[in-house]
Structure formats: structure tokens, C-alpha cells
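Reading the structure
Here's the letter readout for the chains.
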Amino acid sequence: MTKKQLIRRSATFIILALTIIGAVYYLVKHRSLLTQLGHISPWVIVVVFLLYVVLFGVLMLILDATLKLCRIKLSKQENVLLNAYTLIINNFFIIGQNGPIFRGYYLKTRHNLKVRNYAAVTLLYFLIYGIISVFFISLGSQAWWLTT
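Residues numbered from 1 in each chain as written. Predicted model: local features only at pLDDT ≥ 70, side-chain atom pairs only at ≥ 80, totals over all residues. Heavy atoms only, no water.

Remarks on the nonpolar core
Of all hydrophobic cores here, the largest spans 11 residues; its members are Leu63, Leu67, Cys70, Ile72, Leu74, Leu82, Tyr106, Leu107, Leu113, Tyr118 and Val121. Residue assignment for this core shows that the elements contributing at least two residues are α3 (42-69), α5 (99-111) and α6 (115-141). Those residues within four positions of Tyr118 in sequence are excluded, and the remaining contacts are Pro100, Arg103, Gly104, Leu107 and Leu113. (Core = buried A, V, L, I, M, F, W, Y, C linked by side-chain atoms within 4.5 Å. Buried < 20%, exposed > 50% of the residue type's maximum accessible area, 1.4 Å probe, protein only. Helix = DSSP H or I, 4+ residues; strand = E, 2+ residues; numbered from the N terminus. Contact = heavy atoms within 4.5 Å.)

So, in C-alpha cells, the structure goes:
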């Protein structure tokens, strides 16, 4: 085993151990959270998990469509890993929505995607996302025939 592999494995073990210790400590200090979680129906947990799986699939499709505009093709495995890393970064490690920045950096370094092209396609995605969001807000605030 090389020195680099040893450092990587050690860092992985330390991060995993610290995460588990932190989670156990938090749950010990907040026992009421466990009580509240115990009242949640297993059916609700399954439905929420399935919705996350659907969300992940949609994110993979969006990334694939976005990269087709830039004439870049990712393998399914690379798409899965890039989306997984992005979700983890957005949810746990970096404050704010920094997933697109991570994606841009990754695509620039691994696939030589121009930052300008990536930024344009990402802004197009956010524009479409915003239009859909405004549509749903309008749909919920007035009669459906006025929204359409």
C-alpha cells in the first residue's frame, strides 16, 4: 500500500468515525427527536425514500440533457456519482447551493467543458426551473383556468 492510499484510507476512516460519533452524541443529547421519529409511519418513510429516488433520477436526466447541449457525454456511473456528490455537498458540507459550482469545476477538469458554456446552460436550466415554479405558485393561488 502506497503512502497516498494509506492517507486516503485513514482520512476516510477518521471522517466516518467522527460522523458516527457526532450522530450518536446528537441523538443522546436530543432523545425527544428519537421519540418523535418513532411516531412516523413506516409507510411515510418508504414514500419519502421513493420520492428521493425519483428526485435523484430526475437530476440525472437534467444533467444528461444539460450536457447534451454542451456536446458532452457522461457514462451512467459517472452521472450517478456526480449527482450523488452534488447532493451530499448541497445538503451537508457547503453552505448554500454550491452543487452547480462543484459540477462546473468537475466538468472543467475532467471533460474540459468551457465555463462559459456550462454557465449559459446552467442559467437556462434555472430559468426553466423558475418558470415552472412561478407556474405552480400561480396554480396554487388562483383558479387553474386563469393560470393556464
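So that's the structure; there's more coming.
Describing the pattern of salt bridges
Side chains carrying opposite charge are able to pair once their charged atoms draw close together. Inspection of the entire model under this criterion finds 2 salt bridges. In this structure, Asp64 engages Lys68 in a salt bridge whose closest nitrogen and oxygen atoms are separated by 3.7 Å. Of this pair, Asp64 and Lys68 are both found in helix α3, 4 residues apart, which corresponds to roughly one turn of the helix. Put simply, Lys73 and Asp64 hold a salt bridge, and the shortest N to O gap is 4.0 Å. What you see here is one network of salt bridges that share partners, running through Asp64, Lys68 and Lys73. (Salt bridge = Lys/Arg side-chain N within 4 Å of Asp/Glu carboxyl O.)

Points about the packing of helix α1 (residues 3-29) against helix α2 (residues 31-38)
Running from amino to carboxyl end, α1 crosses α2 at an angle of 85 degrees, the nearest separation of the two axes being 4 Å. Put simply, α1 runs roughly perpendicular to α2. Along its contact with α1, which presents Tyr26, Leu27, Val28 and Lys29, the element α2 presents Arg31, Leu33 and Leu34. Tallied by class, the residues present in the contact of α1 with α2 amount to 5 nonpolar, no polar and 2 charged. (Axes fitted to C-alpha atoms, helices over the stretch in contact; angles between N-to-C directions. Parallel < 35°, antiparallel > 145°, perpendicular 65-115°, else oblique. Nonpolar A, V, L, I, M, F, W, Y, C, P; charged D, E, K, R; others polar.)

Things to note about the packing of aromatic side chains
Scanning the entire structure with this criterion turns up 4 aromatic pairs. Ring geometry for Tyr125 and Phe126: centres 5.2 Å apart, planes at 45 degrees, overall tilted. Residue Tyr125 is classed as partly exposed on the basis of its relative accessible area of 24%. An aromatic cluster is built from Tyr125, Phe126 and Tyr129, whose rings are joined through pairwise contacts. (Phe/Tyr/Trp six-rings, centres within 6.5 Å; stacked < 30°, edge-to-face > 60°.)

Some remarks on the packing of α5 against α6
In the contact formed by α5 and α6, the axes pass within 10 Å of each other and the chain directions differ by 145 degrees. Where α5 crosses over α6, the two elements pack in a sense that is right-handed. Across the interface between the two elements, Pro100, Arg103, Gly104, Leu107 and Lys108 of α5 pack against Val115, Tyr118, Thr122 and Phe126 of α6. Residue classes in the contact of α5 with α6 are distributed as 5 nonpolar, 2 polar and 2 charged. (Left-handed = near helix turned anticlockwise from the far one by under 90°.)

Points about α5
If you check α5, its first and last C-alpha atoms are 17 Å apart, about what 13 residues at 1.5 Å a residue would give, namely 18 Å. Within α5, the full set of buried residues consists of Gly99, Arg103, Gly104, Tyr106 and Leu107. The buried residues of α5 occupy one face: seen down the axis, they fall within an arc of 165 degrees. Every exposed residue of α5 that faces more than 90 degrees away from the buried side is listed here: Ile101 and Tyr105. If you follow the buried residues of α5, they end up packed against α3, α4 (76-93) and α6. Residue Asn112 follows α5 closely and has a positive phi angle near 55 degrees. (Expected span 1.5 Å × (residues − 1). Arc of directions from axis to C-beta.)

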